[in-house]
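Residue-level structure breakdown
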Amino acid sequence: MPTALITGVTGQDGSYLAEHLLAKGYRVVGVVRRTSHDSYERIGHLLDRVTIVAADLLDQHSLTTVLGDVKPDEVYNLAAQSFVPTSWSQPVLTGEFTALGVTRLLEAVRLAHPSARFYQASSSEMFGKVHHSPQNESTPFHPRSPYGVAKVYGHHITVNYRESYGMYAVSGILFNHESPRRGLEFVTRRISDGVARIKLGLAKELRLGNLDAKRDWGFAGDYVDAMWRMLQQPAPDDYVIGTGATHSVREFADAAFAHAGLKWEDYVRIDQSLVRPAEVDLLLADPSKARKALGWKPSVTFQQLVEMMVDADLQRLSDGR
């Protein structure tokens, strides 16, 4: 039975990846930070099948100890300060987790269990102010937020460990991927939750920022399969993962409200405080390399994703959660 170690196991991607690996017969070990409260809502249904261990991306010793104790076949680094707006108010902390945290985990692998295969969660936010569209593995990075800058560091240090130490280390450059498990602070979930609240009479308006920003949105459950496929290849390499289609925030809102039988124009209000200091206007993936080399393609369409998220929030709020 292969063993996988997942940092960020309590997050959206971590929960879907844990499910995916358990279905494939893995022993799954999830790394969590010691906090004053448990935040296991996304993996509550998996706790009897996932081993939870405590470590912190800010603490080298804890990571090295866990790698030595668990000796995993695969390591998936999904933990980060991952909310872009927060990276402006907490840029140093974002750098510690999202940039230097990658180095600490790679160093733990190198020191304690160098045969492990390592996956780094890179991000389309690294492209930022894009130089050409669509974006592929050779597109230059021009990050437009402290989060994007930190992700570029994490990406390059992963390449560096691969080239310097011969480690099996890869980065998945994932474009935006959403689900009913997405945090409420993210715009897609803000929209699906807002639509549900308005439909159920719990709210009268939805405040959004830049409606013209365009993203390549896919379903998180599809994208964790791509992560796993990357670590099954004969040689380590980096891959762009996305749908190859782009939609604006306005289009997402339109589809979400329409699914609930409403018109978005009647409820959406622009809130300048939600506009980024430096906007990323357009992100669009060219996933042809992953399609060819990994045999990966998304199974959930944009419309299906929007409807899935709205339906889940309607159900959740109807149940009083």
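Here the structure is shown first, and the text comes after it.
Now for a description of the structure that goes with this document. Values in this document were obtained by computation on a predicted structure and should not be read as measured data.

For the protein chain, the helix and strand inventory stands at ten helices and 13 strands. Computed over C-alpha atoms, the radius of gyration of the protein chain comes to 19 Å, within 12% of the 20 Å expected from 2.2 N^0.38 for 321 residues, which places it in the range of a compact globule. Principal-axis analysis of the C-alpha atoms places the extent of the protein chain at approximately 60 × 45 × 40 Å. Among the 321 residues that make up the protein chain, the fraction classed as buried is 55%.

Tyr76, Tyr119 and Ile241 are the most contacted members of the largest nonpolar core, which totals 62 residues. Excluding residues that lie within four positions of it along the chain, Ile241 makes contacts with Ile173, Leu174, Phe175, Tyr223, Ala226, Met230, Ala290, Leu294 and Trp296. Of all hydrophobic cores here, the second largest spans 24 residues; its members include Val75, Ala108, Phe118 and Met167.

So, about the sheet that holds strand S4 (residues 74-77). Sheet strands pair by backbone hydrogen bonding; their relative direction is either parallel or antiparallel. Strand order in the open sheet made by the seven strands is S3-S2-S1-S4-S5-S6-S11, with parallel pairing throughout. The sheet is open, and its two edges are formed by strand S3 (50-54) and strand S11 (239-241), each paired on a single side. Averaged over neighbouring strand pairs, the angle between their axes works out to 25° when direction is ignored. Examined bridge by bridge, strand S1 (residues 3-7) and strand S2 (residues 27-32) share five bridges and lie parallel to one another. In the sheet register, Ile6 faces S2, and the bridge partner there is Gly30.

Conventions and cut-offs
- Residues numbered from 1 in each chain as written.
- Predicted model: local features only at pLDDT ≥ 70, side-chain atom pairs only at ≥ 80, totals over all residues.
- Heavy atoms only, no water.
- Helix = DSSP H or I, 4+ residues; strand = E, 2+ residues; numbered from the N terminus.
- Rg over C-alpha atoms; globule rule 2.2 N^0.38 Å.
- Buried < 20%, exposed > 50% of the residue type's maximum accessible area, 1.4 Å probe, protein only.
- Core = buried A, V, L, I, M, F, W, Y, C linked by side-chain atoms within 4.5 Å.
- Contact = heavy atoms within 4.5 Å.
- Pairing = 2+ DSSP bridges.
- Axes fitted to C-alpha atoms, helices over the stretch in contact; angles between N-to-C directions.

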